[in-house]
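Structure assessment
So you can see what is in the structure, the chains are spelled out below.
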Amino acid sequence: MDASPPEHTDTQPTPEDPAEHARAMARSKFLCAESVFASLVRAKGWDIPRPTSLATGLCSGVSRTCGQCGALSGAILALGFGLGRTAPEESLEPCYNAVEELVEEFRTEFGGRDCIDVAGINIADPEGLAEFRRQNLWATRCEHVIAFAVTKALELLDASGA
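Throughout what follows, the structure given in this document is the object of discussion. Just so it is clear, the structure is predicted and the values come from calculations on it, not from any experiment.

A word on the packing of helix 5 (residues 70–83) against helix 9 (residues 137–160). Where helix 5 contacts helix 9, the axes come no closer than 9 Å and their chain directions differ by 15°. With respect to helix 9, the element helix 5 is oriented roughly parallel. In the packing of helix 5 onto helix 9, the handedness of the crossing is right-handed. Listed contacts from helix 9 to A71, A75, A78, L79, G82 and L83 of helix 5 are V145, I146, A149, A153, L156, L157 and S160. Along the lines of polarity and charge, the residues of the contact of helix 5 with helix 9 split into 11 nonpolar, two polar and no charged.

Closest axis-to-axis distance for the helix 5/helix 6 (residues 93–110) pair is 9 Å, and the angle between their directions is 160°. Comparing the axis directions of helix 5 and helix 6 gives the class roughly antiparallel. Helix 5 and helix 6 meet at a crossing whose hand is right-handed. Contacts from L72, A75, I76, L79, G80 and L83 of helix 5 reach helix 6 at P94, C95, A98, V99, L102, V103 and F106.

Basis of the calculations
- Residues numbered from 1 in each chain as written.
- Predicted model: local features only at pLDDT ≥ 70, side-chain atom pairs only at ≥ 80, totals over all residues.
- Heavy atoms only, no water.
- Axes fitted to C-alpha atoms, helices over the stretch in contact; angles between N-to-C directions.
- Helix = DSSP H or I, 4+ residues; strand = E, 2+ residues; numbered from the N terminus.
- Parallel < 35°, antiparallel > 145°, perpendicular 65-115°, else oblique.
- Left-handed = near helix turned anticlockwise from the far one by under 90°.
- Contact = heavy atoms within 4.5 Å.
- Nonpolar A, V, L, I, M, F, W, Y, C, P; charged D, E, K, R; others polar.

Encoded structure:
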């Protein structure tokens, strides 16, 4: 949900709790979708090379376009990997049901699913981005959103056996 890409470090945070791992990634300058998806990949032991790069375009409300919250997008990406189809004859329902539950709980918790609703500020606007930074919303709001998305997605994946 931060708007400008920070410098990334080669050092990966190491907390064992997936939500805390995601928070640590966010504190180390990875963004919302990157932190959520990479932490879920790590928690599930999936072999996905460069998970942060797969999620980068989903960060900051889909690359500062006022789209869906990156934390939610990163969690949906993980649900798709864990529950999605690998053949057209397979059912969509396991993935769709999990995504629907995640989105509904996310909306209930945060009042919407788009970055602008969750953050309460339009970060696509330079003045909004400046206000986002001035209020330190990344630390005071987004880290909580990131932890929620990881926790809920992991519950859904674990409940499905993924």
